[in-house]
Each structure stands twice: as structure tokens, then as C-alpha cells.
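Observations on chain architecture
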Amino acid sequence: MHPPGSDTVLVRYGDLGVKSSKVQRDMERTLSGNLDAMLGARGIDGEVEEVWSRPRIHTDPEDVERATDAATDTFGVVSASPCTVVEPTMEAMREALVAAAREHYDGGSFAVRARRAGGPDAHSFTSEDVERDGGEAVWNAAQGFDPEVDLDDPDHVLYVECRPEEAFVFVEKRPGPGGLPLGTQRPLVALLSGGIDSPVAAWEAMKRGTPVVPLYFDFEAYGGADHVARAIESARTLAAYAPNHGFDLRVAPAGAAADRLVREVGATRMLSLRRYMLWVAEGLVRELGAAGIVTGEAMGQKSSQTSANLAVTDSTTDLPVHRPLLTRDKQEIIQQARRIGSYEDATIEAGCNRIASDYPETNATLEAVEATEPDLEPLVGDALERIETVPL
């Protein structure tokens, strides 16, 4: 929602504000570049203005809603508001509030919330003055709806943010993902299965400013072409959040490793498979100069993800293995997958997974796993040599 004639999006961030001035400025510059790229990727004609603590997007009124959506899909953005920009005078703000109320108020309680920035000489009024006078103007304009003022829990809120040179009037604060601007941290290699969990984990890493390199393992006869297609679609969904960051999917052949483990290993088969995947991921991390690995594992969700078994798989590499979903319940993960748009990709019918043992080990030790594990090093080297890149 927006007031009539809105042509500006006011952008807010959170964690950037606690950084040192230099770091904040650098991150703001990265955020502005990401906003500009998001607008371009969606075909929106807009200009990003770098303003300390409050970046703005200037666009045409007919594009202001789409520009706001683009901003709230950009990592680092806590919220954004499509707004009308007016002179920082009481008369101009009252007029803009009345216009917004006539457009959006249809009865119930309301309140005017105002913030004023600037020194004591910037304005001849206080925030409370704006709220009181603006509220009175809205009250008078809304008499046909029997208006009611509620300062604690109103049905409708009209906002004013007044600065020394301009004032912004808006009717919503549309939430964004928060976090840090993408590209302010070193990349991670993300194990992407195409299921529900791993795209959400990769998205969470991206939310903290980390570009990801998605890595999918093609188990060939144990997976199927439809499984590969599912992973590609999941990667495309994530790539839409990173239009100015390389997001090509890496596909590693893993059919030979799966086949050997199925033939030679029993209860600890999936743990050896996870170790194989981490070995390959480690090789890719070192090749790309990345900083670690991210997976979609959650404590106890599967037999390979018990606390004991995670300790066994973690011993495979000296690199940090990040698990953003470690303590999440499955329903939480599903809800987030729906929000970020990866859920439908994850529910595409995939080939049957015939790798898991009928009676998997849930409390393994490293010694027990190594005792039955074949030499996978040649298969790891072969996979690294034959990784294919799928441009997205």
C-alpha cells in the first residue's frame, strides 16, 4: 500500500547500524549495488540514492510497489516503505496524511506515528506536534467513517518521517529479510540436494552476507533426471536473490561412490556417503578460495544427523561446516521454504533414493565408520575432476 503519487521507497537496515562508520559506509555501498541489481533483474526503472542510514529508491509511481518488493527481497533490508516525499513543513505533512487517509482509511481506529531527525533548529515543531496536528487533520477528513483514535493498538497507522530537507509520508513498513548485504562475507560452498532443507540453509547463509556456490551430487541410477531438475530449479530460486553475484550450480558425479557404498557398507553407509560429499566439497572450497561449507542438516532430523553422527561426519574436514537449520523443527523449515519460494521446487517428484540402509546406525563412532569404509579417495578425485557447471 502507498499514499497517492508515491515515487520513492524508503529503505531501512538493521545490523549495519551497529558497525563502525567505515564498515557501515562500505556495507551501505554494497547494499546499494545489490538494490540496483535487483531492480535491473526485475526490469524496474529506478535509481538508488545512497543516504546515510536511509537509502532510497526513486522510481515512477506505477513501479513503486514492484520497487518495494524488490527492496524487501534484498538481503540486509529490514523493511521498506513506498512513500510520498513532501516539504518538511507542518502544512505539507498534514496534506499528505489526509491524502493517504482518504486513499486507505475505511473505518476503525487509527494513529499517526512521527519521527523527526535533525538538530534542535531543523524544525519549529516536535514529533509530538506532527502526531497531534496530523492526527487532527486525519480525524477531520475521516468523519464519514466515524473515526476512532487508538495510540496503543490501532487498526491503521499513518507514518511520517521528517528530516531537515524533506519529509516522508507512508502507510506501511513492509518487512524484508534483514541480515547483511550479500557480498560482505566470503563465499561458502552449499550442499544443495534439491529437497526442502538445503535451499533454506543456503538462503540463511546468504542472509548473513555470504554468497554461496551450490553443489549438487548426482547419484545417477540412485536418483534420476527428475532429481537433477529439482536441484536446478532450487538453485534458480536462490539465484533470484543474488542477481549480481555468480550463482552457477556445480554438479558432481556421485553414482560410482553410491554404488560402491551400497555394495560394501551396511549400517554406516549414509555416514560414509556424507563424508564423501564433504571431501568433495572441501576440494571445491579450496579450488574457489571459499571459506567453508553450509548444509541443511538439522539435529536429529535423520539418522545421519544425530549429534553422534554429526560428530563423525565433521571429523572429515578441517573446514567449518555451517548448519543454519541445526535447531529448527521441520515445520519451521517448511514454512520458511514457502516464504522464500523454494518449497514447490522441493516437492517435484524425484527418483527413488535406494542408497540408505534399512537399519542405519544412529550412534556411530569414527572408528566404527572407518572400519567398514572403503577407500573413497580415488572417487573423490574423480568427482572433483568431472564437476560440471550449470549456468543459471
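The structure reproduced in this document is the subject of the present report. (Residues numbered from 1 in each chain as written. Predicted model: local features only at pLDDT ≥ 70, side-chain atom pairs only at ≥ 80, totals over all residues. Heavy atoms only, no water.)

1. Overview of the nonpolar core
Nonpolar side chains in soluble globular proteins tend to be buried together. With 33 residues, the main nonpolar core has Ile-196, Met-206, Val-212, Leu-238, Phe-247 and Leu-249 as its most contacted residues. Mapped by element, the contributors of at least two residues to this core are strand 10 (188-191), helix 5 (197-207), strand 11 (212-218), helix 6 (225-239), strand 12 (249-253), helix 10 (330-340) and helix 11 (343-346). Ranked by size, the runner-up nonpolar core spans 32 residues in total, among them Phe-217, Ala-257, Tyr-276 and Leu-379. (Core = buried A, V, L, I, M, F, W, Y, C linked by side-chain atoms within 4.5 Å. Buried < 20%, exposed > 50% of the residue type's maximum accessible area, 1.4 Å probe, protein only. Helix = DSSP H or I, 4+ residues; strand = E, 2+ residues; numbered from the N terminus.)

2. Thoughts on the pairing of strand 2 (residues 46-49)
Pairing of strand 2 with strand 3 (residues 56-59), which is carried by 4 bridges, proceeds in the antiparallel orientation. Of the residues in strand 3, the one forming a bridge with Glu-47 is His-58. Two successive antiparallel strands, strand 2 and strand 3, enclose a turn made up of 6 residues, where Ser-53 displays a positive phi of approximately 75°. (Pairing = 2+ DSSP bridges.)

3. Describing the packing of aromatic side chains
Tallying each qualifying case throughout the model produces 7 aromatic pairs. Between Phe-75 and Tyr-241, the ring centres sit 5.8 Å apart and the planes meet at 35°, which makes this aromatic pair tilted. Here Tyr-241 lies in the loop between helix 6 and strand 12 and Phe-75 lies in the loop between helix 2 (64-71) and strand 4 (77-86), a separation of 166 residues in the sequence. Across this residue pair, the class does not change: Phe-75 and Tyr-241 are buried. An aromatic cluster of three or more residues is present, and its members are Phe-75, Trp-203 and Tyr-241. Between the NZ or CZ atom of Arg-338 and the centre of the ring of Tyr-343, over which it lies, the distance is 4.0 Å. (Phe/Tyr/Trp six-rings, centres within 6.5 Å; stacked < 30°, edge-to-face > 60°. Lys NZ or Arg CZ within 6 Å of the ring centre and 35° of its normal.)

4. Overview of a nonpolar patch on the surface
Nonpolar side chains collect at one region of the surface, where Trp-139, Val-149 and Leu-151 lie side by side and expose about 290 Å² of accessible area between them. As for its placement among the helices and strands, Val-149 is situated in strand 6 (residues 148-149). Looking at Val-149, the relative accessible area reads 45%, which means it is partly exposed. (Patch = residues over 30% accessible without salt bridge, like charges linked within 9 Å, V, L, I, M, F, W, Y side chains within 5 Å. Areas by Shrake-Rupley, 256 points an atom, 1.4 Å probe, with all protein chains shown as cover. Salt bridge = Lys/Arg side-chain N within 4 Å of Asp/Glu carboxyl O.)

5. A closer look at the packing of helix 7 (residues 255-264) against helix 8 (residues 269-288)
At a minimum axis distance of 10 Å, the contact between helix 7 and helix 8 shows a crossing angle of 155°. On the basis of their axis angle, the class for helix 7 and helix 8 is roughly antiparallel. Our pair here, helix 7 against helix 8, has a crossing hand that is right-handed. Across the interface between the two elements, Ala-257, Leu-261 and Val-262 from helix 7 touch Arg-269, Ser-272, Leu-273 and Tyr-276 from helix 8. Residue composition of the contact of helix 7 with helix 8, by class: 5 nonpolar, 1 polar and 1 charged. (Axes fitted to C-alpha atoms, helices over the stretch in contact; angles between N-to-C directions. Parallel < 35°, antiparallel > 145°, perpendicular 65-115°, else oblique. Left-handed = near helix turned anticlockwise from the far one by under 90°. Contact = heavy atoms within 4.5 Å. Nonpolar A, V, L, I, M, F, W, Y, C, P; charged D, E, K, R; others polar.)

6. Some points on empty space enclosed by the protein
Within this structure, the stated rule accounts for 1 cavity of 30 Å³ or more. Estimated volume of the largest cavity: approximately 40 Å³. In terms of lining residues, the largest cavity is bounded by Asn-34, Met-38, Thr-74, Phe-75, Leu-182, Tyr-241, Pro-243 and Asn-244. The residue inventory of the lining of the largest cavity, partitioned by class, reads 5 nonpolar, 3 polar and no charged. (1 Å grid on protein atoms, 1.4 Å probe; cavity = no way out; pocket = protein on both sides within 12 Å on 5 of 7 lines; lining within 4 Å. Points joined across faces, edges and corners; volume = space filled by probe spheres on them.)

7. As for the environment of Leu-35
Within the secondary structure, Leu-35 sits in helix 1 (residues 21-41). In this view, Leu-35 contacts Val-11, Val-48, Ile-57, Ala-71, Thr-74 and Val-77; residues no more than four positions away in its chain are not counted.

8. Things to note about the side chain of Asp-63
If you trace the backbone, Asp-63 turns up in the loop between strand 3 and helix 2. With residues up to four places along the chain from it excluded, the contact list for Asp-63 reads Ile-44 and Asp-45.

9. Examining the pattern of salt bridges
Enumeration according to the criterion identifies 28 salt bridges in this entry. For Glu-204, the salt bridge goes to Arg-328, with nearest N and O atoms at 3.2 Å. A residue pair is termed long-range when its members are at least 10 positions apart, and Glu-204 in helix 5 and Arg-328 in the loop between strand 14 (321-322) and helix 10 qualify at 124 residues. Residue Arg-328 is classed as partly exposed on the basis of its relative accessible area, which comes to 22%. For Glu-373, the salt bridge goes to Arg-275, with nearest N and O atoms at 2.9 Å.

10. What to know about the sheet that holds strand 12
Taken in spatial order, the 6 strands of this open sheet run 14-13-10-11-12-15, and their pairing is mixed. Two strands close off the open sheet at either side, each with one partner strand: strand 14 and strand 15 (388-390). As judged from the 3 bridges shared by strand 12 and strand 15, these two strands associate in the antiparallel manner. Looking at strand 15, one finds that Val-251 is bridged to Glu-388.

11. Digging into a negative patch on the surface
On the surface, a cluster of negative charge is made up of Asp-146, Glu-148, Asp-152, Asp-153 and Asp-155. In this fold, Asp-152 is placed in the loop between strand 6 and strand 7 (156-162). (Lys, Arg positive; Asp, Glu negative; His and termini not counted. Charge placed at Lys NZ, Arg CZ, Asp CG, Glu CD.)

12. Things to note about helix 7
By the burial criterion, the buried members of helix 7 are Gly-255, Ala-257, Ala-258 and Leu-261. Across the axial projection of helix 7, the buried residues extend over an arc of 165°, all falling on one side. In the core, the buried residues of helix 7 are packed alongside strand 11, strand 12, helix 8 and helix 13 (377-385). (Arc of directions from axis to C-beta.)

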